[in-house]
Amino acid sequence: MSDCIFCKIINREIPSKSVYETEKVYAFHDINPEAPFHVLIVPKEHIGSHNELTPDNVGIMKDIHLAANEIARQLGIAESGYRLINNCGADAGQTVFHLHYHLVGGKSMGTKIL
Ligand code: 5GP
Ligand code: ZN
């Protein structure tokens, strides 16, 4: 997708602070962190949102979740805890329409989801 900001980040047309990369997944620090650790995990394939997951492309979720585990270990927050957040659509506040998971941690976020 030529006008997608995360595709441009994946293609290194826009710089980012890399955290983790495989053939299928890229992870980088969020430009506007909302916690001591705030990493975005994205599939290299352009998928617009969680709504666009299908039986054909949902295999990427395995890679995203395993990436999250590895990144949490690397950041030293696997045991203290973290949240893995996906915003899907307008009401959820999705602003970039390339599927991504926010991995946030490094502070206590309490027991409320919202
Ligand atoms: P959303 O609201 O769509 O779930 O989250 C999009 C996230 O992308 C936001 O947390 C925002 O700070 C982050 N973001 C937007 N543009 C850039 C960018 O150019 N570089 C990086 N590293 N993060 C970005
Ligand atoms: Zn994209």
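Higher on the page you've got the structure.
Residues numbered from 1 in each chain as written. Chains lettered and ligands numbered in written order. Predicted model: local features only at pLDDT ≥ 70, side-chain atom pairs only at ≥ 80, totals over all residues. Heavy atoms only, no water.

Caption draft 1: View of the pairing of strand β1 (residues 18-21). Two elements, β1 and strand β2 (residues 25-29), share three bridges in a ladder whose sense is antiparallel. Residue Ser 18 lies in a different strand from β2, and its bridge partner there is Phe 28. Hairpin connection, β1 to β2: the antiparallel pair is bridged by three residues. (Pairing = 2+ DSSP bridges. Helix = DSSP H or I, 4+ residues; strand = E, 2+ residues; numbered from the N terminus.)

Caption draft 2: Representation of the site of ligand 1 within the structure. Neighbouring residues of ligand 1: 16 residues in total, closest Asp 30, Asn 87, Thr 95, His 100 and His 102. Between Asp 30 and ligand 1, the recorded distance is 2.5 Å, taken from a side-chain N or O atom to an oxygen atom. Coverage of ligand 1 by the protein chains reaches 84% of its 530 Å² of free accessible surface. Put simply, the parts of the chain that give the shell around ligand 1 at least two residues each are α1 (5-10) and β2. For the shell around ligand 1, the leading source of residues is α1, giving three residues. Of the residues belonging to the shell around ligand 1, the class tally is seven nonpolar, eight polar and one charged. (Near = heavy atom within 4 Å. Polar contact = N/O pair within 3.5 Å; in protein donor to acceptor, adjacent residues only side chain to side chain. Areas by Shrake-Rupley, 256 points an atom, 1.4 Å probe, with all protein chains shown as cover. Nonpolar A, V, L, I, M, F, W, Y, C, P; charged D, E, K, R; others polar.)

Caption draft 3: Structural view of the packing of aromatic side chains. This structure, assessed with the given rule, holds two aromatic pairs. Taking 5.5 Å as the distance between ring centres and 80° as the angle between the ring planes, the aromatic pair formed by Phe 6 and Phe 28 counts as edge-to-face. On the criterion of sequence distance, the pair formed by Phe 6 in helix α1 and Phe 28 in strand β2 is long-range, its members being 22 residues apart. Accessibility classification places Phe 6 together with Phe 28 in one group, the buried group. Taking 5.5 Å as the distance between ring centres and 25° as the angle between the ring planes, the aromatic pair formed by Tyr 26 and Phe 28 counts as stacked. (Phe/Tyr/Trp six-rings, centres within 6.5 Å; stacked < 30°, edge-to-face > 60°. Buried < 20%, exposed > 50% of the residue type's maximum accessible area, 1.4 Å probe, protein only.)

Caption draft 4: Here's a closer look at the side chain of Asp 30. With respect to the helices and strands, Asp 30 occurs in the loop between β2 and β3 (37-43). Although Asp 30 is buried, it makes no salt bridge; Lys 17 carries the closest opposite charge, 11 Å away. Within the structure, the side chain of Asp 30 is placed 2.8 Å from the backbone nitrogen of Asn 32, a separation counted as a polar contact. Once residues lying within four places of it in the same chain are set aside, the contact partners of Asp 30 are His 38, Val 39, Leu 40 and His 102. (Lys, Arg positive; Asp, Glu negative; His and termini not counted. Salt bridge = Lys/Arg side-chain N within 4 Å of Asp/Glu carboxyl O. Contact = heavy atoms within 4.5 Å.)

Caption draft 5: Seen up close, the environment of Asn 57. Its location among the elements puts Asn 57 in the loop between β3 and α2 (60-75). A sequence separation of 34 residues divides Asn 57 from Asp 91, and the C-alpha atoms of the two residues are 24 Å apart. Dropping the residues within four chain positions of it, Asn 57 is found in contact with Glu 45, Ile 47 and Glu 52.

Caption draft 6: Focus on the side chain of His 38. Structurally, His 38 is set in strand β3. According to the relative accessible area criterion, His 38 is buried, its value standing at 6%. Within the structure, His 38 has its side chain in polar contact with the backbone nitrogen of Glu 34 (distance 3.0 Å). If sequence neighbours within four positions are ignored, His 38 has contacts with Phe 28, His 29, Asp 30, Asn 32, Pro 33, His 102, Leu 103 and Val 104.

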